[in-house]
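Fold and contact review
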Protein chains: 2
Amino acid sequence: MSSNPKSKKQIIFQEAAELFRDKGYPATSMRDLAERVGLKPSSFYSHIKSKEEILQKICFDSAEKFTIGMKEVCDTEATNKEKLQLLIRLHIKVATEDPTTATVFNDEWRHLSEPHLSNFLALRRDYESHFLKIIEAGISTQEFKQISPSLVLYTIINSLRWLHFANKPTKELSATQIENDLIQLLLQGVEKNVL
Amino acid sequence: MSSNPKSKKQIIFQEAAELFRDKGYPATSMRDLAERVGLKPSSFYSHIKSKEEILQKICFDSAEKFTIGMKEVCDTEATNKEKLQLLIRLHIKVATEDPTTATVFNDEWRHLSEPHLSNFLALRRDYESHFLKIIEAGISTQEFKQISPSLVLYTIINSLRWLHFANKPTKELSATQIENDLIQLLLQGVEKNVL
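Within each chain, residues carry numbers counting from 1 in the order of the written sequence. Chain letters and ligand numbers both follow the written order, the letters beginning at A and the numbers at 1. Owing to the predicted nature of the model, reporting of local features is limited to residues with pLDDT of at least 70; listing and counting of side-chain atom pairs is limited to 80 or more, with chain, interface and lining totals taken over all residues. Heavy atoms from the whole structure form the basis of all side-chain values; hydrogens and water molecules are not counted.

1. Brief notes about the overall build of chain A
Our working definition: Labels follow the DSSP assignment, with helices taken as runs of H or I lasting at least four residues and strands as runs of E lasting at least two, numbered in each case from the N terminus. The cut-offs for exposure are 20% and 50% of the maximum accessible area for each residue type, with area from a 1.4 Å probe on protein chains only; residues under the lower value are buried, those over the upper are exposed, and the others partly exposed. Contacts were defined at the residue level, with two residues in contact if any of their heavy atoms lie within 4.5 Å. For the area figures, the Shrake-Rupley method with a 1.4 Å probe applies, and any residue is considered shielded solely by the protein chains shown.
When its secondary structure is counted, chain A shows nine helices and zero strands. Along chain A, from the amino end to the carboxyl end, the secondary structure elements read α-α-α-α-α-α-α-α-α. The buried share among the 195 residues of chain A stands at 48%. Put simply, 71% of the contacts in chain A that link residues at least 6 apart link residues at least 24 apart. Accessible surface computed for chain A: about 9800 Å², of which carbon and sulfur atoms make up 53%.

2. A short note on unusual backbone geometry
Residues and elements named next belong to chain A. Geometrically, the link from Glu114 to Pro115 is a cis peptide bond, its omega value of 5° lying close to zero. Turning to its location among the elements, Pro115 is positioned in the loop between helix H6 (99–108) and helix H7 (116–140). Here the phi dihedral of Gln142 falls at roughly 65°; this positive angle occurs in a residue that is not glycine. Mapped onto the fold, Gln142 is located in the loop between H7 and helix H8 (149–159). Overall, the relative accessible area of 52% leaves Gln142 in the exposed class.

3. Structural notes on the domain arrangement of chain A
Size of an interface: often given as the accessible area lost when the parts come together. Residue and element names in this part refer to chain A. Note the threshold: Start and end positions for the domains come from either an automated domain assignment or a database one. Buried area is calculated as the accessible area (1.4 Å probe) missing from two parts once they are joined, with the contributions of both summed. Any Lys or Arg side-chain nitrogen located within 4 Å of an Asp or Glu carboxyl oxygen qualifies as a salt bridge. N or O atoms within 3.5 Å of each other form a polar contact, as long as, within protein, one can give a hydrogen and the other can take it, and as long as residues adjacent in sequence are counted only when both atoms are side-chain atoms. Only Asp, Glu, Lys and Arg are considered charged in this grouping, and only Ala, Val, Leu, Ile, Met, Phe, Trp, Tyr, Cys and Pro are considered nonpolar; every other residue, Gly among them, is considered polar.
Annotation of chain A at the domain level lists domain 1 (1–49) and domain 2 (52–190). Distance between the C-alpha centres of domain 1 and domain 2: 29 Å. Tallying the contact residues gives 16 residues for domain 1 and 13 residues for domain 2. Both sides together, the interface formed by domain 1 and domain 2 hides about 1200 Å², and carbon and sulfur atoms give 70% of it. Between the two partners, domain 1 and domain 2, sit one salt bridge. Counting every contact that joins domain 1 to domain 2 gives five residue pairs in polar contact (both at pLDDT 80 or more). It is helix H1 (residues 5–23) that provides the largest number of residues to the side of domain 1 that touches domain 2, a total of nine residues. Residues that form the side of domain 1 that touches domain 2 fall into these classes: nine nonpolar, three polar and four charged.

4. So, the nonpolar core
Inclusion rule: For the purposes of this section, nonpolar cores are sets of buried Ala, Val, Leu, Ile, Met, Phe, Trp, Tyr and Cys residues that join through side-chain atoms within 4.5 Å.
Grouped together as the largest cluster of nonpolar side chains are 116 residues, with contacts concentrated most on Phe131 of chain A together with Phe131 of chain B. When residues no more than four places from it in sequence are discounted, the contact partners of Phe131 of chain A are Met70, Leu84, Leu87, His91, Leu153, Ile156 and Ile157 of chain A.

5. A word on the packing of helix H4 (residues 51–75) of chain B against helix H7 (residues 116–140) of chain B
Residues and elements named next belong to chain B. In plain terms, the rule: Only the stretch in contact is used when a helix axis is fitted, and all axes are lines through C-alpha atoms; the angle between N-to-C directions ranges over 0 to 180 degrees. The scheme is simple: roughly parallel for angles under 35 degrees, roughly antiparallel for over 145, roughly perpendicular for 65 to 115, oblique for anything else. Two helices that cross are described as forming a left-handed crossing if the nearer one is turned anticlockwise from the farther one by less than a right angle, and a right-handed crossing if clockwise.
One can describe the packing of H4 onto H7 by two numbers: an axis separation of 10 Å at closest approach and a directional angle of 20°. Regarding the angle of H4 to H7, the classification is roughly parallel. The hand of the H4/H7 crossing is left-handed. On H7, the residues that touch Glu52, Gln56, Cys59, Phe60, Ala63, Phe66, Thr67, Met70, Val73 and Cys74 of H4 are His116, Asn119, Phe120, Leu123, Tyr127, His130, Phe131 and Ile134. Residues belonging to the contact of H4 with H7 are distributed by class as follows: 12 nonpolar, five polar and one charged.

6. Topic: the confidence of the model for chain A
Residues and elements named next belong to chain A. The criterion, for reference: Scored from 0 to 100, pLDDT records how confident the predictor is in each individual residue.
Scored by pLDDT, chain A has a mean of 84; 89% of the residues are at 70 or more. When mean pLDDT is compared element by element in chain A, H7 scores highest at 95, while helix H9 (residues 175–190) scores lowest at 80. Among the scores for the predicted complex, ipTM is 0.78 and pTM is 0.82.

7. Some words on the interface of chain B and chain A
Listed per partner, the contact involves 37 residues of chain B and 37 residues of chain A. Summed over both partners, the interface of chain B with chain A comes to about 3000 Å²; 63% of that surface belongs to carbon and sulfur atoms. On inspection of chain B and its partner chain A, the count reaches two salt bridges. Close ionic contact of Arg110 of chain B with Glu108 of chain A constitutes a salt bridge, the shortest N to O distance being 3.0 Å. Mapped by element, the contributors of at least two residues to the side of chain B that touches chain A are helix H1 (5–23), helix H8 (149–159) and helix H9 (175–190) of chain B. Counting residues per element, the side of chain B that touches chain A draws most heavily on H9 of chain B, at nine residues.

8. Details of the side chain of Asp32 of chain B
All names here are of chain B. Position of Asp32 relative to the elements: it lies in helix H2 (residues 30–36). At 2.9 Å, the side chain of Asp32 and the backbone nitrogen of Ser29 are in polar contact. Excluding residues that lie within four positions of it along the chain, Asp32 makes contacts with Leu19, Lys23 and Ala27.

9. Overview of the pattern of salt bridges
Residues and elements named next belong to chain A. Scanning the entire structure with this criterion turns up 22 salt bridges over all chains. Of the charged contacts in the structure, one is a salt bridge between Glu15 and Arg36, with a shortest N-O distance of 2.6 Å. You can see Glu15 sitting in helix H1 and its partner Arg36 sitting in helix H2 (residues 30–36), a full 21 residues away along the chain. Here the salt bridges share partners, and the residues they tie into one network are Glu15, Glu18 and Arg36.

10. Focus on the environment of Arg110 of chain B
Take Arg110 of chain B: it is sitting in the loop between helix H6 (99–108) and H7. Sequence spacing of Arg110 of chain B and Leu121 of chain B is 11 residues, and the spatial spacing of their C-alpha atoms is 9.3 Å. In terms of polar contacts, Arg110 of chain B uses its side chain to reach the backbone carbonyl oxygen of Arg21 of chain A, at 2.6 Å.

Okay, here's the thing in structure tokens:
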């Protein structure tokens, strides 16, 4: 077997994400991880120092996708309605392009140790605060209905949280159809109807 | 201390739900539970045989609320739109009247052992299949838009899953306002617009 630390590391991260998803992070041991990728513990530790290193990478890589995506949206000259559409597309993209990682990001972040947990939560608060400003701006321009902005925020964010479950019956839908249907479903609930 | 097994048991279930929510089910030991309620392990075992007994009760009690609620909805002569409104109210009620239990029900059910896990999933499939039929019926009567019924189902169910997080900024909203805002938000995205 040739030694290619980088690709071996990538395999470890992918397999670890699957184990965290299936067993939960606390119940997954370094031994489980080593067995999963077919390495002896001693050899495994030369690639990965701790299972938290993997959880950190998964959580902060995913958070970065949202941070970068939000910055791109905020930098556009789009209307608030268009910005919201772009954000819905961003959530769908992150959830569907790597469903396993998205599951771990969504469900296991609370097992981060300090100061990583605080840093992660700060990134999330920052993301949500930008999202909230777009909703508030859209309400003041009358693009969106007069509904509590935080209620709109959490309803939309969470309405997109199931997409990473690969076993849900959406296999018959194309990615484009899912995007278009979801935007129609969510936007027409948020948009102010023109009478 | 007077011995009142029933009320002691209720306290144990409530404290256990909080521990499962905070530490996750796998990381919570019987010792943690006994310490939490101030009982010696030997005395604790006279009330509770295993931590899974508690998880089972939480999961199946919550599932029963949904099963009973769905039966009531299906037994009405309401339109599909009204049925959907009733179901949204049901989800809000279950999530807000006991947020701790709702969190455990939502996040920890996958740790049930067999045959309980299969039974739990069968109840959930049954609930979702009734929910789906109401959406499909509403599409065929043109009350709802032509959007993939399963997409509508999972989007709505998950859009209501954050309500049990007590730390979310909805304290300023009354329960009635949350219900009305959410129904407006979700329904007007699902309802077919009359042109």
